[in-house]
Amino acid sequence: AGLLGLKLIQYCASKGNPTGVNKQAALLESNEDDYGAVQLYESCVKSGRINALLLFNLGWSLVNGQGVDRKDVSRGISLWKEAVSLA
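Residues numbered from 1 in each chain as written. Predicted model: local features only at pLDDT ≥ 70, side-chain atom pairs only at ≥ 80, totals over all residues. Heavy atoms only, no water.

### Comments concerning the overall build of the protein chain
Next, step 1: Helices and strands together make up the secondary structure of the protein chain, namely 5 helices and 0 strands.
Next, step 2: Listing the helices and strands of the protein chain from first to last along the sequence gives α-α-α-α-α.
Next, step 3: Taking 2.2 N^0.38 as the reference for a compact globule, 87 residues should give roughly 12 Å; the C-alpha atoms of the protein chain span a radius of gyration of 13 Å, in line with that estimate.
Next, step 4: Dimensions of the protein chain, computed from the C-alpha atoms along their principal axes, are close to 40 × 25 × 20 Å.
Next, step 5: Here the protein chain holds 87 residues, and 32% of them are scored as buried.
Next, step 6: Long-range pairs, those at least 24 residues apart, make up 40% of the contacts in the protein chain between residues at least 6 apart in sequence.
Next, step 7: Carbon and sulfur atoms provide 56% of the accessible area of the protein chain, an area that totals close to 5,400 Å².
Next, step 8: Each charge class in the protein chain can be summarised by its mean position, and for the 9 positive and 8 negative side chains these summaries are 8 Å apart. (Helix = DSSP H or I, 4+ residues; strand = E, 2+ residues; numbered from the N terminus. Rg over C-alpha atoms; globule rule 2.2 N^0.38 Å. Buried < 20%, exposed > 50% of the residue type's maximum accessible area, 1.4 Å probe, protein only. Contact = heavy atoms within 4.5 Å. Areas by Shrake-Rupley, 256 points an atom, 1.4 Å probe, with all protein chains shown as cover. Lys, Arg positive; Asp, Glu negative; His and termini not counted. Charge placed at Lys NZ, Arg CZ, Asp CG, Glu CD.)

Listed below in structure tokens is the structure:
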């Protein structure tokens, strides 16, 4: 069941599903690939396929400087506010 679960996560993420992206990004982060996770979050934002958790996670990365070249506290807080409006 574990392998099937991973394949489902990868499939959902490949289709731009925000929940699938969040799960795949969490797997990347657990393997210390914060940059890969942020790239997934950003691709969803650019395509307009977002949910509150995805915006929160990207905002957290920006505020804390995880997976990005430099912190962007202002944008991170803006994403958090957008996440609240979706929740």
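### Digging into the side chain of asparagine 22
Next, step 1: Looking at the secondary structure, you find asparagine 22 in helix α2 (residues 18-30).
Next, step 2: Within the structure, the side chain of asparagine 22 is placed 3.2 Å from the side chain of asparagine 57, a separation counted as a polar contact. (Polar contact = N/O pair within 3.5 Å; in protein donor to acceptor, adjacent residues only side chain to side chain.)

### Concerning the packing of helix α4 (residues 52-64) against helix α5 (residues 73-86)
Next, step 1: Where α4 contacts α5, the two axes come as close as 8 Å, and the packing angle between them is 165°. Compared by their axis directions, α4 and α5 come out roughly antiparallel. α5 is crossed by α4, and the crossing has left-handed handedness. Contact with α4, carried on its side by Ala52, Leu55, Phe56, Leu58, Gly59, Trp60, Leu62 and Val63, involves Val73, Arg75, Gly76, Ile77, Leu79, Trp80, Glu82, Ala83 and Leu86 of α5 and no other residues of that element.
Next, step 2: Per-class residue counts for the contact of α4 with α5 are 13 nonpolar, 2 polar and 2 charged. (Axes fitted to C-alpha atoms, helices over the stretch in contact; angles between N-to-C directions. Parallel < 35°, antiparallel > 145°, perpendicular 65-115°, else oblique. Left-handed = near helix turned anticlockwise from the far one by under 90°. Nonpolar A, V, L, I, M, F, W, Y, C, P; charged D, E, K, R; others polar.)

### Let's talk about the packing of aromatic side chains
Next, step 1: Counted by the stated rule, this structure contains 1 aromatic pair.
Next, step 2: Here phenylalanine 56 and tryptophan 80 contribute two aromatic rings whose centre-to-centre distance is 5.7 Å and whose plane-to-plane angle is 20°, an arrangement assigned as stacked. In this pair, phenylalanine 56 is assigned in helix α4 and tryptophan 80 in helix α5, connecting sequence segments 24 residues apart.
Next, step 3: In this structure phenylalanine 56 comes out as partly exposed when scored by relative accessible area, which is 39%. (Phe/Tyr/Trp six-rings, centres within 6.5 Å; stacked < 30°, edge-to-face > 60°.)

### Digging into the pattern of salt bridges
A side chain with one charge may pair with a side chain of the opposite charge, provided their charged atoms come close.
Next, step 1: Considering all chains together, one arrives at 1 salt bridge under this definition.
Next, step 2: With its nearest N and O atoms 2.7 Å apart, the salt bridge here joins glutamate 42 to arginine 75. Here glutamate 42, found in helix α3 (residues 34-47), pairs with arginine 75, found in helix α5; they are 33 residues apart in sequence, far enough to count as distant.
Next, step 3: Take glutamate 42: its relative accessible area is 18%, and that puts it in the buried class.
Next, step 4: The partly exposed category is assigned to arginine 75, whose relative accessible area is 28%. (Salt bridge = Lys/Arg side-chain N within 4 Å of Asp/Glu carboxyl O.)

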